[in-house]
Amino acid sequence: MADYHFSVAESWPELVEAHAKWVSDYNEQSHWAHRERADGRRSPQEVLGWLTGVRYREEDLQRAFFSSRFTRKLDLLGYARFRHWRLYGEEALAGNEAALWLEPETLTVEYAGEPLSRYEVEYAVGNTELRRVGKATLFETSIVVHQPRLFDLAEVLGEEGWLKALRLADYAPRMPRRPELLQEVLFPYKEAI
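Here goes a summary of the coordinates provided. (Residues numbered from 1 in each chain as written. Predicted model: local features only at pLDDT ≥ 70, side-chain atom pairs only at ≥ 80, totals over all residues. Heavy atoms only, no water.)

### Overview of the sheet that holds strand β4 (residues 97-102)
Phase 1 of the analysis: One open sheet accounts for five strands, arranged β1-β4-β5-β6-β7; its pairing is antiparallel. Two strands in the sheet have a free side with no partner beyond their single neighbour: β1 (69-73) and β7 (130-138). Between one strand axis and the next, the sheet turns by 25° as a mean value, whatever way the strands run. (Pairing = 2+ DSSP bridges. Helix = DSSP H or I, 4+ residues; strand = E, 2+ residues; numbered from the N terminus. Axes fitted to C-alpha atoms, helices over the stretch in contact; angles between N-to-C directions.)

### Concerning a nonpolar patch on the surface
Phase 1 of the analysis: On the surface, Val54, Tyr56 and Leu61 cluster together to form a nonpolar patch covering roughly 330 Å² of accessible area.
Phase 2 of the analysis: Residue position: Tyr56 is located in the loop between α3 (44-48) and α4 (58-66).
Phase 3 of the analysis: Exposure remark for Tyr56: the relative accessible area of 58% places this residue in the exposed category. (Patch = residues over 30% accessible without salt bridge, like charges linked within 9 Å, V, L, I, M, F, W, Y side chains within 5 Å. Areas by Shrake-Rupley, 256 points an atom, 1.4 Å probe, with all protein chains shown as cover. Salt bridge = Lys/Arg side-chain N within 4 Å of Asp/Glu carboxyl O. Buried < 20%, exposed > 50% of the residue type's maximum accessible area, 1.4 Å probe, protein only.)

### Focus on the nonpolar core
Phase 1 of the analysis: Leu87, Leu107 and Leu130 are the most contacted members of the largest nonpolar core, which has 19 residues in total.
Phase 2 of the analysis: Put simply, the parts of the chain that give this core at least two residues each are β2 (79-82), β3 (85-88), β4, β5 (106-111), β6 (114-123) and β7.
Phase 3 of the analysis: Other than its neighbours up to four places away in sequence, Leu107 contacts Phe82, Leu87, Leu100, Trp101, Leu102, Ser117, Arg118, Tyr119, Val121 and Leu130. (Core = buried A, V, L, I, M, F, W, Y, C linked by side-chain atoms within 4.5 Å. Contact = heavy atoms within 4.5 Å.)

### A word on the pairing of β7
Phase 1 of the analysis: Two elements, β6 and β7, share six bridges in a ladder whose sense is antiparallel. Following the sheet pairing, Tyr123 is matched in β7 by Leu130.
Phase 2 of the analysis: Following β6, the chain reverses through six residues before pairing antiparallel with β7; Gly126 in that reversal takes a positive phi of roughly 85°.

Right, dumping it as structure tokens:
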């Protein structure tokens with residue numbers, strides 16, 4: 001409907017103006033789908049004008065969605081490191097950033113909105129540390145593998161033999177820094193003036 005106006009636009013402001021005009025025209029014009037309405041409402045604006053939806057504050061949305069969403073970069077084998085665990089996402093996405101969604105009983109690894117794997121999780125009592133990562137479910141994806149595997153890991157090792165979640169050792173505590181020695185003065189300050 002608006003392809004011509006979009007293609008003629010030569011700058012960002014013209015494109016924004018063309019889009020605003022398209023939205024206005026689309027919402028205000030009579031539509032064929034509403035031609036037989038008894039209440040006489042013919043345009044989407046007349047039909048849906050009374051609907052406003054629920055409005056949420058930005059802070060509430062951030063807290064609701066992004067307190068349980070984390071981003072990690074997948075390593076060369078397609079694993080993401082999260083809270084002392086190494087979790088398999090997809091080998092074909094090595095080096096890409098994946099989203100990890102932490103829920104009360106599951107942790108999902110996804111890329112571009114497409115789930116790659118899901119793990120059952122248990123928390124330690126009283127905090128958010130993962131005590132156990134259980135059964136993994138790998139999803140079929142639309143991601144094209146450039147280099148096919150020589151053999152299928154699930155066939156050779158069995159479902160239980162291929163480790164999809166590995167518990168890593170805790171970080172070593174840092175060594176306390178020793179106070180650095182002060183450098184001796186090369187020449188007295190008064191002589192430099």
